[in-house]
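Examination of the molecular architecture
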Amino acid sequence: LRTITDIGEMRTSSACLRAEGRVIGLVPTMGYLHDGHLRLIRMTAELADSVVVSLFVNPTQFGPSEDYGRYPRDLARDTALAEDAGCTVLFAPETRAMYPEGHATIVRVTGLADRMCGAARPGHFDGVATVVAKLLNIVRPHLAVFGQKDAQQATIIERMVLDLDMGVEIIRGPIVREPDGLAMSSRNSYLSGDERADATVLFEALGLGRSLFRSGATGAAKVLEEMRRLIESKASARVQYIVAVDPQTLEDLPELRTGAMLAMAVFIGETRLIDNLVL
Ligand code: PAF
């Protein structure tokens, strides 16, 4: 595995790989890799000759009172895990190289970025779209893989790539869960023992929504209300949003149907977790 921190060097390395006719796959991450990331890296290794994993805790996607400063970081551990999963190039740029003095451009995907997580975290998806556009421009991959856990993020990136004619294929990797159903996330490391036990309620609520739908319930408001009630039965849980939406447009669906996405953000104590399920 080769670790590259310099943007120019990353560009040159990609240009050489492209000139040799190799397919480049990119897995953008903020590090502190877990099995969900590793699954995406393995998936990419099956699709591409060269697997670039970017590792960059992007300051512009964190709000002023969010966890940028304490976001978990462990480069040595990430390097070993990424290599083991099939990563060939680890791209870990410095913040001042990604956002030098005078940086003034923001990529905004209107509409899609304003609801759900975007409504709760103003500016978050501008930061995500901007850094992903930069990473795609630097690495110039043929394909880039994003996790379905961040479904809204994947939808926004797909839209951006289409709208800006970026010519890269966006692929979604499945949500990877702990044995008890909790979706893997670097932020799970913030949970205390009791909170970790309560956190399974997100997946339980999605399962409840699915079984209500399977047994014939189609009114979204009623189903979401049942799910909310289950989540709020846990002492440490507070729902930030819970929606049933079309996964492409992210518009609310008053009537559930196959292909509808149930999605939520829930605070477990101070830790904000997201999860979703497509019916
Ligand atoms: O999903 C993430 O980890 C981040 O939002 C991403 C896509 C790496 C951009 O910083």
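Preceding this section is the structure that the text describes.
The rules behind the values
- Residues numbered from 1 in each chain as written.
- Predicted model: local features only at pLDDT ≥ 70, side-chain atom pairs only at ≥ 80, totals over all residues.
- Heavy atoms only, no water.
- Pairing = 2+ DSSP bridges.
- Helix = DSSP H or I, 4+ residues; strand = E, 2+ residues; numbered from the N terminus.
- Axes fitted to C-alpha atoms, helices over the stretch in contact; angles between N-to-C directions.
- Buried < 20%, exposed > 50% of the residue type's maximum accessible area, 1.4 Å probe, protein only.
- Right-handed = clockwise from strand over helix to strand, strands pointing away.
- Near = heavy atom within 4 Å.
- Polar contact = N/O pair within 3.5 Å; in protein donor to acceptor, adjacent residues only side chain to side chain.
- Nonpolar A, V, L, I, M, F, W, Y, C, P; charged D, E, K, R; others polar.
- Salt bridge = Lys/Arg side-chain N within 4 Å of Asp/Glu carboxyl O.

**Quick word on the sheet that holds strand β7 (residues 237–245)**
On the basis of which strands lie adjacent, the open sheet formed by three strands has the order β7-β8-β9 and antiparallel pairing. Two strands bound the open sheet, and with one partner strand each, they are β7 and β9 (271–278). Going across the sheet, the axis of each strand differs from the next one's by a mean of 15 degrees, ignoring polarity. Sheet topology places strand β8 (residues 261–268) next to β9; eight bridges connect them, and they run antiparallel.

**Section: the pairing of strand β5 (residues 143–147)**
Burial analysis of β5 places four of its five residues in the buried class, which makes it a mostly covered element. For strand β2 (residues 24–29) and β5, the ladder comprises two bridges, and the chain directions are parallel. Bridging across to β5, G25 finds its partner in L143. When β5 meets strand β6 (residues 169–173), the two strands line up parallel, connected through five bridges. Opposite F146, over in β6, you have R172 as the bridge partner. Considered for its hand, the β-α-β crossover made up of β5, helix α7 (residues 151–163) and β6 is right-handed.

**Section: the site of the ligand**
By nearness alone, every residue bordering the ligand is listed as P28, T29, M30, N58, Q61, V131, F146 and Q153. Here Q61 contributes a side-chain N or O atom positioned 2.6 Å from an oxygen atom of the ligand. The separation between an oxygen atom of the ligand and a polar side-chain atom of Q153 is 2.7 Å. Across the shell around the ligand, the residue classes tally to four nonpolar, four polar and no charged.

**Considering the pattern of salt bridges**
Scanning the entire structure with this criterion turns up 16 salt bridges. One salt bridge connects E226 with R229, and the closest N-O pair in it is separated by 3.9 Å. Linking E226 with R229, this pair stays in helix α10 (residues 220–232), spanning three residues, or about one helical turn. Judged by its relative accessible area of 52%, R229 is exposed. Across the salt bridge formed by E232 and R228, the nearest N and O atoms sit 3.8 Å from each other.

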